[in-house]
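Coordinate analysis (summary)
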Amino acid sequence: MASGNAIRGSRVGAGPMGEAERGEAAPRLRISFWCANKHETQPSFATDAQVPETWDCPRCGLPAGQDADNPPDAPRTEPYKTHLAYVRERRSDADGEAILAEALAKLRGEI
Ligand SMILES: [Zn+2]
């Protein structure tokens, strides 16, 4: 057969096995995650989904990672932070003071 005939009938976008047209249910991957308490969980993901680096352990709620020997650290237990505390972490003290002053001014009806 002449080589030129081999490509006849192929369509742009379809692979030689027709994989671009595959219509069956998407295959799923089961990925194991381990938390710091050695709990293993195996959520499944579509093969074209982005697998997260960590997964919340359904048993204890700690973050679980894909490396059984090196699970993510448990989140630090910190006292509840107010919104203003978060704002102050992201901004300089001067900005925080300005925001606070503006908020107080609004409260007083000065703006
Ligand atoms: Zn756990």
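Predicted model only: the values in this text are computed from it and were never measured. (Residues numbered from 1 in each chain as written. Predicted model: local features only at pLDDT ≥ 70, side-chain atom pairs only at ≥ 80, totals over all residues. Heavy atoms only, no water.)

**Quick word on the overall build of the protein chain**
For clarity, the threshold we go by: Numbering of helices and strands starts at the N terminus; helices are DSSP runs of H or I of at least 4 residues and strands are runs of E of at least 2. The rule is simple: take the accessible area with a 1.4 Å probe, protein chains only, and divide by the maximum for that residue type; under 20% is buried, over 50% is exposed, in between is partly exposed. Contacts are residue-level and defined by heavy atoms, with any inter-residue pair within 4.5 Å sufficient. Surface exposure here means Shrake-Rupley accessible area, sampled with a 1.4 Å probe, where a residue is shielded only by the protein chains that are shown.
Along the backbone of the protein chain there are two helices and six strands. Mapped in sequence order, the helices and strands of the protein chain form the string β-β-β-β-β-β-α-α. The buried share of the protein chain, taken over its 111 residues, is 16%. Pairs at least 24 apart in sequence give 25% of the contacts found in the protein chain among residues at least 6 apart. Carbon together with sulfur atoms contributes 50% to the accessible area of the protein chain, which is approximately 9,200 Å² in total.

**Let's talk about the coordination of the zinc ion**
Stated precisely, the cut-off is as follows: In this listing, donors mean N, O and S atoms no farther than 2.8 Å from the metal, or 3.2 Å for Na, K and Ca; water is missing from the atoms, so a site can look incomplete. Metal sites are grouped by the angles between bound donors: all angles between 85 and 135 degrees with four donors is tetrahedral, opposite donors over 155 degrees apart with the others between 65 and 115 is square planar for four donors and octahedral for six, and any other pattern is irregular.
Cys35 (SG), His39 (ND1), Cys57 (SG) and Cys60 (SG) make up the full set of protein donors to the zinc ion, lying at 2.1 to 2.3 Å. For the zinc ion, the four donor atoms are set out with angles of 108 to 114° between them, so the coordination reads as tetrahedral. The sequence pattern formed by the donor residues of the zinc ion is C-x3-H-x17-C-x2-C. Of the two residues, Cys35 sits in strand E2 (residues 33-35) while Cys57 sits in the loop between strand E5 (54-56) and strand E6 (63-65), which places them 22 residues apart along the sequence. Here Cys35 matches Cys57 in class, with each residue buried.

**A look at the UniProt feature "binding site: Zn(2+)" (unreviewed entry) in the protein chain**
To be explicit about the condition: UniProt positions are given in the numbering used here, feature names are shortened, and annotations may be inferred rather than shown by experiment.
According to UniProt, the positions carrying the feature "binding site: Zn(2+)" (unreviewed entry) are Cys35, His39, Cys57 and Cys60. The greatest C-alpha distance among the residues just named is 8.5 Å, despite their covering 26 residues of sequence, which places them together in space. Looking at the secondary structure, you find His39 in the loop between E2 and strand E3 (40-41). Once residues lying within four places of it in the same chain are set aside, the contact partners of His39 are Phe33, Trp34, Cys57, Arg59 and Cys60. Given the relative accessible area of 32%, Cys60 is considered partly exposed. Not counting chain neighbours up to four residues away, the residues in contact with Cys60 comprise Cys35, Asn37 and His39.

**Remarks on the pattern of salt bridges**
As a reminder, the rule being used: Here, a salt bridge means any Lys or Arg side-chain nitrogen found within 4 Å of an Asp or Glu carboxyl oxygen.
Counting across every chain of the model gives one salt bridge. Between Lys106 and Glu102 there is a salt bridge, with the nearest N and O atoms lying 3.7 Å from each other. Of this pair, Lys106 and Glu102 both sit in helix H2 (residues 93-107), separated by four residues, roughly a single helical turn.

**Concerning the nonpolar core**
As a rule of thumb, nonpolar side chains are buried together in soluble globular proteins. Cut-off, in case you're wondering: Side-chain atoms within 4.5 Å link the members of a nonpolar core, which is a set of buried Ala, Val, Leu, Ile, Met, Phe, Trp, Tyr and Cys residues.
Counting residues in each nonpolar core, the largest one holds seven residues, listed as Ile31, Phe33, Cys35, Phe45, Cys57, Leu62 and Ala64. With residues near it in sequence (within four places) discarded, Leu62 still touches Cys35, Ala36, Asn37, Trp55, Asp56, Cys57, Ala74 and Pro75.

**What about H2?**
Rules: A helix is expected to span 1.5 Å for every residue after the first.
Given a rise of 1.5 Å per residue, 15 residues ought to cover 21 Å, and the 21 Å separating the end C-alpha atoms of H2 matches this to within 8%. Backbone geometry just downstream of H2 places Gly109 in the positive-phi region, at approximately 80°.

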